[in-house]
Structures are given as structure tokens and as C-alpha cells.
Amino acid sequence: EPEVVKVSILNEESIILGFHLTKFMLRDILSNIPSSTYVVITDKNIAPIYLSKIITDFEKVASKLNLINTTKLRLITYIISPGEQSKSRDTKAEIEDFLLSKACGRDTCILAMGGGVIGDLAGFVAATFMRGVPYVQIPTTLLAMVDSSIGGKTAVDTPHGKNLIGSFWQPKRIYIDLMFLETLPEREFNNGMAEVIKTAAISSESDFINLENGVSSIREAVFSSPKRNVQYQGAILATRTPSQSLLLSVIMTSAKFKADVVTHDERESGLRGLLNFGHTIGHAIEAILSPELLHGECVSIGMIKEAEIARHLGHLNQVSVSRLYKVLQDYDLPVSLDEKKVKDLVGKKFCAVDKLMEIMKVDKKNQGDQKKIVILSSLGSTYEKKATIVSDSVIRKILSP
Ligand code: ADP
Ligand code: ZN
């Protein structure tokens, strides 16, 4: 039995964290989400590393549970191309046609194994297939572990914008297996740290200090693994190092805050809006600079701008803005659109203030035509328990060079 940590969401202990959870997860799924067909949906980067272990462990666990001969049990898989362009109505329809061609019925359970793209897409497939079938989230990126796999928001993109077609559909379980981080590219890890830092900044000074003090230990937990860059062999780590324990607690704390917010505000009426710190401006930047800049990178720059707005309004002091700046830099995240690393990535693209203001005008979280921004009052707390209306003139002033 692996050591696991459980976190509640919507009054159920459905978030499970640990290292090397595959067998534990399959035992739990086969015992508690009984289905005839289990469908793993994943992408072309993840499948060659992790799919064979899932398939062999599925056979082993099913036979241990005596499920092989008594039911018409099966595990099937569907592999999509990686990247945001797969989060489309077309890919959703392809998956649905595949499920129908395999005669999947209402006793189907979907296993969404991947980053945010897979989670949002496979979750939305589960939400509408046969008017809704159960699914579980198996996040493989840090961003998905602490953010997108939690909360039941599922969606696809359209040419008019991201996440415009979707639904709220809660996963039965979320298995946060830190083993997946061993193969995650470093830039993708940093991308997820932006959301971890965001959560600490809005919720807890001590968590924020832990991140400030934990930079080298957290990186060591992920990047000095002996198996890094070696194909995954299925070995179980005998012991958990102190840095791995720190990493687990950092991820657990971040996931738990999101879970608590979702529990109190499942459909995003107020409190859940706090999770958008850095995102009002971050999303506008992302609309222009994606895919060259990643979501967390845009949010990182957005957090600095939004913290500067809080300082300008007299709610946050300069020392706090500087500490936020430093911690983001320490985790190798961009803090300004003007830095060389950003310029090198985005080439000729640039973010004109008018363009950013224009994009923010159509944010679905706006109140009428008034823009909302999460205003920090210190590192670890916010001015209101929701986003605050900020005038265009203030936003424009802070965005202007
Ligand atoms: P997110 O929205 O969570 O950032 P994506 O679904 O866009 O994630 O995935 C980011 C990239 O990382 C994709 O190319 C994906 O195939 C890859 N990826 C996801 N998880 C892993 C992993 N554990 N190891 C290696 N690559 C991964
Ligand atoms: Zn985000």
C-alpha cells in the first residue's frame, strides 16, 4: 500500500495524492466506479511513457479482484495529439465516434490522463457522452495537479476564444501522482509553479514564505530524480526524501485551497474569482502571446501587473511587490513583457496597451463593462474575498510603459 494523502472537495474525499499510485488507483476505480468499459484518454507524449504500465497493472488488479471472468470488463485507450489545438469540438467528436464504434454505453468510465488539455477535453466528453458518464482525473502536469483537474470545469476552445463551450462536471476522483513530474519538461514544471505561487499569494503568508525558502529543495525533488530522462521502468521509490515530502506538501496545500474554494463556490459566483489573481491581465497577454508563452508564464507577468495595481491603489506595499517579483524569478518565471527571455520567445509579437484593454473588455468575469482584478492587501491575503472592480484609467496607467 503506498502512503496516500486525501483531500476533500464538495464534501467527499476524492482527491488522492502520493507517489506511484497506479495500482492503488486501479484498485480504487475498479472497486468503487464499477463499469464494463474503462477508457484511458491521453496524448502522444504521455502514452509511450505511462500507458503500458496502466495496461499491465489493470490486468493484474482486475484479476486480483476476480473481475476477469465474471464480467465483460475491458480497458481501451484513445491517444490524441498534444497541444491546445486538440481542445476542439472536432477532437471531441472524434473521441465520441471512437467510443460509439467500440459500443461503449452508459457503463463507461473515462480516465483522463494528461495535462489541462486532456483533462478539460476528456472531462467534457464524459459530461455529454450518454448524457454523462463518470470520469477520473489523472493529471500529469503540475498545472493540472494544482489547478485544472480540480473543480469540474470542462470545456473545448472555439475560434472565438478558449473554453467557450463546456460544462461543470465533477470527476469521481482526482489522483495526483507526483511520479508524473519526473518526466515533465522543466518549463512545464515552472508553468505550474506560477499557479502554486498565485495560490499562496492570495491565501497564506506562511505558504508564501515556504515557497520563498524552498526554491532549491522543491527543484531538487523534481529535477534530481535518478530516473529523470530515463524511460520509466515502473520501479517504486523505496523512501521519500525530505525534498519530495516538501514538494508533496506544497502541491497538497495548493490543491486543498482550490478544493475548499470550489466547495464553497462550485459555479464561480464570487469566492472562486479569487483564484483569478494575475489572470485578468494574464489572460489578455496570453490571448496575444500564446502559444509562444505558456499560461503560467502569462499569469506570472499578470500577477506583477495586478500587484502593482494593488500598490498604486494603496492596498499593498512595495516590499510585497518586490517579494512576489523575486519568488517568481526564483522559479524561473518571467516577470515582465520586456525581459529578453520573453522577447526571444515571442519574436515580433507584442502587447500594445490598447490591444490588452480591448481584450479585457470581453472577459466573461466583467461586471457590465467594468473590469475586475484580485487586489492583494499583503502576501497571503486579499483586499476583498472576491475580485475588485478597477477603473480602466488605473489599469491603463499600470500597463503603460
Ligand atoms: P497544461 O495545460 O496542464 O499545461 P498540456 O495538456 O498543454 O498541459 O500539456 C503540456 C505538455 O506537456 C504537452 O506537450 C504534454 O504532452 C506534455 N506532458 C504532460 N504531462 C507530461 C509528463 N508527465 N511527462 C512529459 N510530458 C508531459
Ligand atoms: Zn490559471
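Whatever comes next refers back to the structure up there.
Conventions and cut-offs
Residues numbered from 1 in each chain as written. Chains lettered and ligands numbered in written order. Predicted model: local features only at pLDDT ≥ 70, side-chain atom pairs only at ≥ 80, totals over all residues. Heavy atoms only, no water. Pairing = 2+ DSSP bridges. Helix = DSSP H or I, 4+ residues; strand = E, 2+ residues; numbered from the N terminus. Axes fitted to C-alpha atoms, helices over the stretch in contact; angles between N-to-C directions. Contact = heavy atoms within 4.5 Å. Buried < 20%, exposed > 50% of the residue type's maximum accessible area, 1.4 Å probe, protein only. Polar contact = N/O pair within 3.5 Å; in protein donor to acceptor, adjacent residues only side chain to side chain.

Moving on, we get to the sheet that holds strand S9 (residues 173-177). With mixed pairing, 7 strands are arranged side by side in an open sheet as S1-S2-S9-S6-S5-S3-S4. Of all the strands in the sheet, the pair left with one neighbour each is strand S1 (5-9) and strand S4 (74-80). Direction aside, neighbouring strands of the sheet carry axes that sit 20° apart on average. In this sheet, S4 lies alongside strand S3 (residues 37-43) in parallel orientation, the contact comprising 7 bridges. Note that in S4 the partner of Tyr38 across the bridge is Leu75. Lying on the sheet, helix H3 (residues 89-101) is in contact with S3, S4 and strand S5 (108-114); it crosses S4 at an angle near 155°.

It is worth spelling out the pairing of S9 at this point. Here S9 lies mainly inside the structure; 5 of its 5 residues are buried. Going residue by residue along S9, you find Arg173, Tyr175 and Asp177 tucked away on one face and Ile174 and Ile176 tucked away on the opposite face as well. Of the pairings in the sheet, the one linking strand S2 (residues 12-18) to S9 comprises 4 bridges and is parallel in character. Pairing of Gly18 across the sheet is with Asp177, part of S9. As defined by bridge partners, strand S6 (residues 135-139) adjoins S9 across 2 bridges and the pair is classed as parallel. Looking at S9, one finds that Val136 is bridged to Arg173.

Its location among the elements puts Glu188 in helix H6 (residues 186-203). Looking at Glu188, the relative accessible area reads 28%, which means it is partly exposed. When the C-alpha atoms of Glu188 and Gly296 are compared, they prove to be 8.8 Å apart, with 108 residues separating the residues in sequence.

Our focus in this paragraph is the side chain of Lys92. Note on placement: Lys92 falls in helix H3. By relative accessible area, which is 11% here, Lys92 ends up buried. Polar side-chain contacts of Lys92 include one of 2.9 Å to the side chain of Thr128.

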